[in-house]
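So you can see what is in the structure, the chains are spelled out below.
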Amino acid sequence: MGITTALVAEDGIKLEVVEDPHNVLQRVLPDLDDASSDFLRYIDPYGNTVFNYLQAPQLLAEWDALSVKTADTEDRRVVDDIRKLIQRLQDERHIYLKFIGD
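The residue numbering used here restarts from 1 in each chain and proceeds along that chain's sequence as written. For a predicted model such as this one, the threshold for reporting local features is a pLDDT of at least 70, and the threshold for listing and counting side-chain atom pairs is 80 or more; totals across whole chains, interfaces and linings nevertheless cover every residue. With hydrogens and water excluded, all non-hydrogen atoms of the structure serve as input to the side-chain values.

### A few points about helix H3 (residues 73-91)
Counting from the N terminus, the helices are DSSP H or I runs at least four residues long and the strands are E runs at least two residues long. Any helix carries an expected span of 1.5 Å times its number of residues minus one. With 19 residues, H3 ought to run about 27 Å at 1.5 Å a step, and its terminal C-alpha atoms sit 27 Å apart, in line with that. Those residues of H3 lying buried are Asp75, Val78, Val79, Ile82, Leu85, Ile86 and Leu89. The buried residues of H3 occupy one face: seen down the axis, they fall within an arc of 115°. Exposed residues on H3 whose side chains face more than 90 degrees from its buried face are Thr73, Lys84 and Asp91. Should any heavy atoms of two residues lie within 4.5 Å, those residues are considered in contact. Summarising the contacts, the buried residues of H3 are in contact with strand S1 (4-9), strand S2 (14-18), helix H1 (24-28), strand S3 (48-51), helix H2 (56-68) and strand S4 (95-100). The N-terminus of H3 is capped by Asp72, whose side-chain oxygen sits 3.0 Å from the backbone nitrogen of Glu74. Residue exposure (1.4 Å probe, protein chains only): buried if accessible area is under 20% of the type maximum, exposed if over 50%, otherwise partly exposed. The directions considered for the arc are those from the helix axis to the C-beta atoms. Within 3.5 Å is the distance limit for a polar contact, defined as a pair of N or O atoms, with the added protein rule that one can donate a hydrogen and the other accept it, and that residues adjacent in sequence qualify only through two side-chain atoms.

### Digging into the nonpolar core
Soluble globular proteins tend to pack their nonpolar side chains together in the buried interior. Buried Ala, Val, Leu, Ile, Met, Phe, Trp, Tyr and Cys residues form a nonpolar core when they are joined through side-chain atoms within 4.5 Å. Of all hydrophobic cores here, the largest spans 24 residues; its most connected members are Leu25, Leu29, Phe51, Trp63, Ile82, Leu97 and Phe99. At six residues, H3 tops the list of elements feeding residues into this core. Beyond its immediate sequence surroundings of up to four residues, Leu25 is in contact with Ile3, Thr5, Asp20, Trp63, Val78, Ile82 and Phe99.

### Observations regarding the pairing of S4
Here a strand pair is declared whenever DSSP counts at least two bridges between the two strands. Looking at chain direction, S1 and S4 are connected through six bridges and run antiparallel. When the sheet's bridge partners are listed, Leu7 is paired in S4 with Leu97. In this structure, S3 lies alongside S4, joined through four bridges in antiparallel fashion. Bridged to Phe51 within S4 is Leu97.

### Points about the pattern of salt bridges
Salt bridge, as used here: a side-chain nitrogen of Lys or Arg that lies within 4 Å of a carboxyl oxygen of Asp or Glu. Overall, the coordinates contain eight salt bridges when judged by the stated rule. Notably, a salt bridge pairs Glu74 with Arg77, separated by 3.2 Å at the nearest N-O pair. Pair noted here: Glu74 and Arg77 are both in helix H3, with a separation of three residues, about one helical turn. Taking relative accessible area as the criterion, Arg77 reaches 36% and is therefore assigned partly exposed. Between Lys84 and Asp81 there is a salt bridge whose closest N-O contact spans 4.0 Å.

Following this line, the structure appears as structure tokens:
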């Protein structure tokens, strides 16, 4: 199972979830030593990584750059679905985007 991405309320309730059963994120996310990435390179494939609304604009910019490189249909679906979560994170308060590693 790949990294699950969830939009989570302050009380921990998952509002929306994007599953990644084919490990798309592990293929498309930048490597840890990729200095061009301020946020995405730190998504932990084996632990949890959490972002808030203040981080959303930079996260969205990096996500859009990543999505340009994504051509496969399955990869594109996962990337597009997560982009919607990031957009919602940017537009709302008291929610968090959580990448839940395997």
